[in-house]
Amino acid sequence: GFQQPGFTARTDDVWPNGTGVKVYPNPVTDLVTIELWGESAMTFRADIININGNIVMSEKKVFNVKFWNKDPLNVENLIRGFYLIRVYSEDGILYRTFKIEKL
């Protein structure tokens, strides 16, 4: 799950530069993937927020070294509608919000 520390090395793809995040697919039915990469140790939090502004899911991810990780989150139990996924590093370097539609 998203809360487990981890390191993923990819040899079949070109390692992305810098620090970043992607969230896909959109729209989503059952699994949404949060892809994180960075050059050094970081701690991230991902919050899924409903239309009323309530956090309906929250996960933490800790990396101790350079990382590139793709983590699917199970959202099949969320009701249909629009959600925000807020992903941020605890040091403030990364802060991104994505709007997704749950089908």
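A.B. asks: Explanation requested: the pairing of strand β7 (residues 95–102) in the structure shown.
C.D. replies: Two faces make up the sheet, and in a regular strand the side chains alternate between them. Note that strand β6 (residues 81–89) and β7 share 8 bridges and pair antiparallel. Looking across to β7, one finds that Phe82 is bridged to Glu101. Between β6 and β7, which pair antiparallel one after the other, the connecting turn spans 5 residues, and Gly92 there sits at a positive phi close to 85°.

A.B. asks: Please explain unusual backbone geometry as it appears in this structure.
C.D. replies: Peptide bonds are mostly trans, and most non-glycine residues show a negative phi. At the junction of Tyr24 and Pro25, the peptide bond is cis and its omega measures out at -5° in the coordinates. Within the fold, Pro25 resides in the loop between β1 (20–24) and β2 (31–38). Note that the residue after Asn26, namely Pro27, is joined by a cis bond; omega there is 10°. Among the secondary structure elements, Pro27 is positioned in the loop between β1 and β2.

A.B. asks: Before we go on, may I ask you to explain the pattern of salt bridges in this structure?
C.D. replies: Should the charged atoms of two oppositely charged side chains come close, the side chains can pair. For the coordinates displayed, the defined rule picks out 4 salt bridges. We note a salt bridge from Lys66 to Glu39, for which the minimum N-O separation is 4.0 Å. With Lys66 in the loop between β4 (55–63) and β5 (67–74) and Glu39 in the loop between β2 and β3 (42–49), the pair connects residues that are 27 residues apart, well separated along the chain. Given a relative accessible area of 42%, Glu39 falls into the partly exposed group.

A.B. asks: When you look at the packing of aromatic side chains in this model, what are you seeing that I'm missing?
C.D. replies: The description of an aromatic ring pair uses the distance of the two centres, along with the angle that the planes make with each other. Taken as a whole and assessed by the stated rule, the structure comprises 5 aromatic pairs. Following the ring pairs from residue to residue traces out a cluster consisting of Phe44, Phe63 and Phe67. Sitting over the ring of Trp15, Lys66 keeps its end group 5.0 Å from the ring centre.

A.B. asks: Explanation requested: the pairing of β6 in the structure shown.
C.D. replies: Across 6 bridges, β3 lies against β6 in antiparallel orientation. Directly across from Asp47, in β6, lies its bridge partner Arg86.

How each quantity is defined
- Residues numbered from 1 in each chain as written.
- Predicted model: local features only at pLDDT ≥ 70, side-chain atom pairs only at ≥ 80, totals over all residues.
- Heavy atoms only, no water.
- Pairing = 2+ DSSP bridges.
- Helix = DSSP H or I, 4+ residues; strand = E, 2+ residues; numbered from the N terminus.
- Salt bridge = Lys/Arg side-chain N within 4 Å of Asp/Glu carboxyl O.
- Buried < 20%, exposed > 50% of the residue type's maximum accessible area, 1.4 Å probe, protein only.
- Phe/Tyr/Trp six-rings, centres within 6.5 Å; stacked < 30°, edge-to-face > 60°.
- Lys NZ or Arg CZ within 6 Å of the ring centre and 35° of its normal.

That's the geometry; what it means functionally is another story.
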